[in-house]
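Notes for the structure review
Chain by chain, the residues run as shown.
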Amino acid sequence: MATDVDASVDVLVIGAGGCGLVAALAAERLGASVAIVEKAPTCQGNTALSSGSIPAAGTRLQLAAGVEDTAETFVRDLMAVAGQHDAAHLVATLASTSADLIDFLIDEAGLELELVTGYKHVGHSTHRLHAPPSRRGADLIAGLERAVARRGIPLAFSQPATALIGDGARIRGAVVGQADAPSRIGAGAVILACNGFAAQADLLARHCPAATGAVYAGSPHSTGEALEWGRALAAGTGNLGAYQGHAAISVDTGALMTWTLVERGAIIVDGRGRRFGDETLGYSAFADLELAGTGPFFLVYDAGIAEDVAAGQPDFAEACAMGVARQAGSPGEIETAAGLPAGALAKTLAAARAAARGEVADAFGRLAWGLGPLGAALRYSAIQPACFHTQGGLMVNGQAEVVRSDGTAIPGLYAGGGAAVGISGRRGGVGYMSGNGLLSALGFGFIAGRAAAARLVSVSGLPGLAGRDDVSNQPIHNGG
Ligand SMILES: Cc1cc2nc3c(=O)[nH]c(=O)nc-3n(C[C@H](O)[C@H](O)[C@H](O)COP(=O)(O)OP(=O)(O)OC[C@H]3O[C@@H](n4cnc5c(N)ncnc54)[C@H](O)[C@@H]3O)c2cc1C
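One structure accompanies this document, and this report is about it. (Residues numbered from 1 in each chain as written. Predicted model: local features only at pLDDT ≥ 70, side-chain atom pairs only at ≥ 80, totals over all residues. Heavy atoms only, no water.)

**Thoughts on the sheet that holds strand S3 (residues 54-55)**
This is how it is decided: When DSSP locates at least two bridges between a pair of strands, those strands are taken to pair. For the purposes of this entry, the term helix denotes a DSSP run of H or I that reaches at least four residues, the term strand denotes a run of E that reaches at least two, and both are numbered from the N terminus.
If you walk across this open sheet you meet the three strands as S3-S5-S4, and the pairing is antiparallel. The two strands at the open ends of the sheet, each matched to only one other strand, are S3 and strand S4 (114-115). By the bridge criterion, two bridges tie S4 to strand S5 (residues 129-131) in an arrangement that is antiparallel. Directly across from Glu114, in S5, lies its bridge partner Ala131.

So this is what it looks like as structure tokens:
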């Protein structure tokens, strides 16, 4: 072992979320020695908070369900929602890796995944979301954590990385641990899997000013260290203005009100009792509309929609049990209880029902009305817009290597998930398609882990690179 490091591994992964755990498993599978350092005391990042839906095209689960899909169709869908952006070159990389990723998660990590056929969510032209039966990211993370333990990969909690170690030629490790007991970990490759910057107010205000008006519903640990370290190395960045918003967080409980409600026919009104956009734009794009206006906002649906959605989505059933779906026998009841102008909601509902029946064109261009016009037994929920996570970050190439503005790779440094550039457009919440977060987290984790291990094999042969005497050097940036 080099003399000025406390320990050495072939691949050091910073962050134990979806990206980091998959990266570690993928690198270990190719024979690399791997360690993961995690800032928090448990795996509680955004992946654990998510609903665990991973989009993938051409998977065996799709085939078994008779769903025809290809990476090319997936790319078309992604680009249609995102528009041109700084990482368009990575969209095909992720789409064409996605089926292998699902195989890896099932076969190598032992995850139980199923194809979601009850809903598609905006932008996906076919059923391609793959999720744990519970539809909880916490189960995804628990399964990955078990796989990491089975493979004997060390995972150190409460050990934040605070700086990268390098010598100008390549990254050679990181400083980790609490300020009073830092350790220097030498590594042949470092994978930044420590998410984005949505919990860092200054960075969010600088890059995503509109999102500062939203409730933050993501991990408190997404504080932007990867971006700061990368910038100190002159790394390129992209899509920094993009984030995932969500238009329907319950004001009562903070629960995420699934967008399936809208897909089944729910509408959203403001404090005037009026609709103000096409809800089928999607939960992230619609959050932008809410952020551009003023609340309060209400999701209005009916008993049939509530029952249908609760039957397929346990999270929503639980939210209903907590009282988020308030009952009303008439629009007037909602107007009184929610303080809306008398008669306003009744008028809005009449127009929406007429559009859903196809009698008139919808004023906002909405074409899809799910189960049809809303029934008489109404349900409503007070909602607010939220920011979940940022979608921009360090520019990477198709091997998940962090690259400088001129496209050259920074040797030994990889990034994925929220730490890396996303594929959701350049600005705001409008380009986010359901699953983009986990696709780039797990997808780039998979790519980075394999690429880092393969590169080490080709450079020095494995195992053993970690034991080389030149694996140490100076901290090059303290991301404090
Ligand atoms: C409520 C919610 C619902 C969502 N639903 C979906 C969905 O269904 N589908 C989808 O595709 N996306 C969804 N997303 C987005 C998705 O969760 C994220 O895009 C994805 O989880 C990011 O993965 P990650 O591994 O980059 O980050 P994380 O899962 O957040 O993991 C990063 C880890 O790094 C750790 N860390 C941070 N800094 C350091 C440091 N300096 N040193 C060591 N460790 C550090 C953090 O503590 C954390 O554990 C959702 C997000 C939220 C908040």
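**Some thoughts on the site of the ligand**
Heads up, the condition is: Think of it this way: one heavy atom of a residue within 4 Å of a molecule or strand is enough to make that residue near it. Note that accessible areas follow from Shrake-Rupley with a 1.4 Å probe, and for residues the cover is restricted to the protein chains shown. Asp, Glu, Lys and Arg are counted as charged, while Ala, Val, Leu, Ile, Met, Phe, Trp, Tyr, Cys and Pro are counted as nonpolar; the rest, among them Gly, fall into the polar class.
In the region of the ligand, 37 residues are neighbours, and Glu38, Thr47, Ser51, Asn195 and Leu438 sit closest. A total of 1000 Å² of accessible area belongs to the ligand in isolation, and the protein chains cover 98% of it. Residues that form the shell around the ligand fall into these classes: 14 nonpolar, 20 polar and three charged.

**Details of the packing of helix H1 (residues 18-29) against helix H6 (residues 137-150)**
When two helices pack together, their arrangement is given by the angle between the helix axes and by the axis-to-axis distance. For the record, the criterion: Lines fitted to the C-alpha atoms define the axes, with helices restricted to the stretch that makes contact. Angles between their N-to-C directions range from 0 to 180 degrees. Throughout this description, any angle smaller than 35 degrees is read as roughly parallel, any larger than 145 degrees as roughly antiparallel, any in the 65 to 115 degree range as roughly perpendicular, and the remainder as oblique. Note: crossing handedness is left-handed where the near helix turns anticlockwise from the far helix by less than a right angle, and right-handed where it turns clockwise. The contact criterion used throughout is that any non-hydrogen atoms of two residues lie within 4.5 Å.
Two elements in contact, H1 and H6, have axes separated by 10 Å at closest approach and are oriented at 30°. In terms of axis orientation, H1 runs roughly parallel to H6. The chirality of how H1 crosses H6 is left-handed. Each of Gly18, Leu21, Val22 and Leu25 in H1 lies in contact with H6, whose residues at this interface are Ile141, Leu144, Glu145, Ala147 and Val148.

**Examining the side chain of Gln313**
Short version of the rule: In this scheme, a residue with accessible area under 20% of its type's maximum is buried, one over 50% is exposed, and one in between is partly exposed, where area comes from a 1.4 Å probe on protein chains only.
Relative to the helices and strands, Gln313 is located in the loop between helix H11 (303-312) and helix H12 (314-321). Among the residues examined, Gln313 registers a relative accessible area of 11% and is labelled buried. In contact with Gln313, not counting residues within four places along its chain, are Tyr119, Thr258 and Thr260.

**Observations regarding the nonpolar core**
Definition in use: Joining through side-chain atoms within 4.5 Å is the link that ties buried Ala, Val, Leu, Ile, Met, Phe, Trp, Tyr and Cys residues into a set, and such a set is a nonpolar core.
Ranked by internal contacts, the top residues of the largest apolar core, which has 101 residues, are Val11, Ile14, Leu105 and Leu192. Take this core: its biggest share by element is twelve residues, from helix H15 (residues 436-460). Setting aside residues up to four positions removed in sequence, Val11 forms contacts with Ala27, Ala32, Ser33, Val34, Ala35, Ala189, Ile191, Ala452 and Leu456. Ile305, Leu340, Ala382 and Tyr432 belong to the second largest nonpolar core, which has 42 residues in total.

**Some points on the packing of H1 against helix H5 (residues 88-107)**
Where H1 meets H5, the axes come as close as 12 Å, and the angle between the chain directions of the two elements is 80°. Viewed along their axes, H1 and H5 adopt a mutual orientation that is roughly perpendicular. Judged by residue contacts, Val22, Leu25 and Ala26 of H1 engage Leu101, Phe104 and Leu105 from H5. Among the residues making up the contact of H1 with H5, the classes are represented as six nonpolar, no polar and no charged.

**A few points about the pairing of strand S1 (residues 7-14)**
Using the following cut-off: The definition of a right-handed crossover adopted here requires that, viewed with the strands pointing away, the path from the first strand over the helix to the second runs clockwise.
The element S1 is extensively covered by neighbouring structure, given that seven of its eight residues are classed as buried. Here S1 pairs with strand S9 (residues 183-192) via seven bridges, running parallel. Across the sheet, the residue bridging to Leu12 is Val190, located in S9. Of the pairings in the sheet, the one linking S1 to strand S2 (residues 34-37) comprises four bridges and is parallel in character. Bridge pairing in S2 links Val13 to Ile36. Each parallel crossover has a hand, and for S1 linked through H1 to S2 it is right-handed.

Nothing here speaks to function; it is all geometry.
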